[in-house]
Amino acid sequence: MSDASELSPFDPDVPNPARMYDCFLGGSHNFAADRAAAGRVEENVPWVVAAVRANRFFLGRAVRFCLAEGVDQFLDLGSGIPTVGHVHEVAQRVSPRARVAYVDVEPVTVASAAALLDGDARTTITAADMRDPDAVFDAPGVRDLLDLSRPVALLTVSVLHYLSDEDDPVALVERYRRRLVPGSLHVLSHVTGDHDPDPMAAAERVYRGTATPLTFRPRRRIEEMLAGTELVEPGLVDASQWRPQDPADAQHRGFWAGVGRIGQYRRV
Ligand SMILES: C[S@@+](CC[C@H](N)C(=O)[O-])C[C@H]1O[C@@H](n2cnc3c(N)ncnc32)[C@H](O)[C@@H]1O
């Protein structure tokens, strides 16, 4: 595992979006600067906690969908601080054989995941920047855990908005998908200001003062990130509306979410 602090320097006085997300979920892996910035986001977007929870519940439903489709290996990019309902807990409850390779760039996230996962042979955490797919696939925690001759669920849940347009997230996710065999799945969610442009623009300004600014994108741009996959029903929808367990609770929360089936790529 690389040293996460080399990839993303640790400074508790600079708010970090991973730790702010932990604040919204009621976690304890955060510092005063993170809580203050999270508070400023909540002043502008009073429903942010509901949005983050809706994203998290989408993640759980999507993981169970992958398992029901027979895909029991997960590559979780931007996995976040382990908290209730983390992917390996959801997956291994359904299928004890499920394997989960977590990847994150943030040092507190990586350290807390490593402590939590100590002794779990089927789950790893790798410190890596997802913008470097070769480093991700070559890392022992990914290479030695996932069998790439079998389908894999690629999870990019609430992470691609941390990448700028210059990082070209559309091309990046395609580079990952090309490494996966047909029958693999791509699970994606991404924040948007489509329905609430003013509050989201204010939140975007708060994130500009953090270690990793956010880019809120419209639906059209997010759809492009799943181009080339076959979208499963109900397509790209608000996270709360993706196969909701309680349709009464399915209302817009600010994350577009969807799952695409990965087919045959022409190998070069
Ligand atoms: C909002 S959290 C999402 C956690 C989880 N995927 C979920 O949806 O509940 C986003 C995570 O992406 C990580 N992240 C941001 N940029 C990254 C990058 N370039 N490479 C790897 N991880 C990154 C952050 O450190 C953070 O832990």
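For the structure itself, look to the data block above.
Bear in mind that the values here come from a model prediction, so they are computed numbers and not experimental data.

### Overview of the site of the ligand
For the ligand, the set of nearby residues contains 20 residues, the closest of which are Tyr21, Arg56, Gly78, Asp104 and Val157. One of the side-chain nitrogen or oxygen atoms of arginine 56 is found 2.7 Å away from an oxygen atom of the ligand. At 2.9 Å, a backbone N or O of methionine 130 approaches a nitrogen atom of the ligand. Here the ligand has 600 Å² of accessible area as a free molecule, and 96% of this is covered by the chains. Taking a 2 Å distance to the grid points as the criterion, the majority of the atoms of the ligand fall inside the largest pocket. Among the secondary structure elements, those contributing two or more residues to the shell around the ligand are helix H2 (17–24) and helix H4 (48–68). Of the residues that constitute the shell around the ligand, the class distribution is 10 nonpolar, 5 polar and 5 charged.

### Brief notes about the layout of surface pockets
Estimates place the volume of the largest pocket at around 660 Å³. In terms of lining residues, the largest pocket is bounded by 38 residues, among which Asp104, Val105, Val159, Tyr162 and Thr212 are the most central. Elements with a contribution of two residues or more to the lining of the largest pocket: H2, H4 and strand E2 (99–104). Looking at which element gives the most residues to the lining of the largest pocket, the answer is H2, with 4 residues.

### With respect to the packing of aromatic side chains
Applying the stated criterion across every chain, the model contains 3 aromatic pairs. Pairing phenylalanine 65 with tryptophan 242 gives two aromatic rings, centres 5.6 Å apart and planes at 90 degrees, and the pair type is edge-to-face. Taken as a pair, phenylalanine 65 in helix H4 and tryptophan 242 in the loop between strand E7 (237–238) and strand E8 (255–261) lie far apart in primary sequence, 177 residues in all. Accessibility expressed as a relative area gives 0% for tryptophan 242, which makes it buried.

### Re H2
Each turn of an α-helix holds 3.6 residues, which means side chains three or four residues apart point in the same direction. Judged by how many residues are buried, H2 sits mostly within the fold: 8 of 8 residues are covered. Where H2 is buried, its residues touch helix H3 (32–44), H4, helix H6 (107–117) and helix H10 (197–208). One side-chain oxygen at the N-terminal end of H2 lies 2.8 Å from the backbone nitrogen of alanine 18; it belongs to asparagine 16. One or two residues past the end of H2 sits glycine 26, with phi positive at roughly 80 degrees.

### Focus on the packing of H2 against H3
Where H2 contacts H3, the axes come no closer than 9 Å and their chain directions differ by 70 degrees. On the basis of the axis angle, H2 is roughly perpendicular to H3. The interaxial crossing formed by H2 with H3 has right-handed handedness. For the pair H2 and H3, the contacting residues are Arg19, Met20, Cys23 and Phe24 in the first and Asp34, Arg35, Ala37, Ala38 and Val41 in the second.

Calculation rules
Residues numbered from 1 in each chain as written. Predicted model: local features only at pLDDT ≥ 70, side-chain atom pairs only at ≥ 80, totals over all residues. Heavy atoms only, no water. Near = heavy atom within 4 Å. Polar contact = N/O pair within 3.5 Å; in protein donor to acceptor, adjacent residues only side chain to side chain. Areas by Shrake-Rupley, 256 points an atom, 1.4 Å probe, with all protein chains shown as cover. 1 Å grid on protein atoms, 1.4 Å probe; cavity = no way out; pocket = protein on both sides within 12 Å on 5 of 7 lines; lining within 4 Å. Sits in = over half its atoms within 2 Å of the grid points. Helix = DSSP H or I, 4+ residues; strand = E, 2+ residues; numbered from the N terminus. Nonpolar A, V, L, I, M, F, W, Y, C, P; charged D, E, K, R; others polar. Points joined across faces, edges and corners; volume = space filled by probe spheres on them. Phe/Tyr/Trp six-rings, centres within 6.5 Å; stacked < 30°, edge-to-face > 60°. Buried < 20%, exposed > 50% of the residue type's maximum accessible area, 1.4 Å probe, protein only. Contact = heavy atoms within 4.5 Å. Axes fitted to C-alpha atoms, helices over the stretch in contact; angles between N-to-C directions. Parallel < 35°, antiparallel > 145°, perpendicular 65-115°, else oblique. Left-handed = near helix turned anticlockwise from the far one by under 90°.

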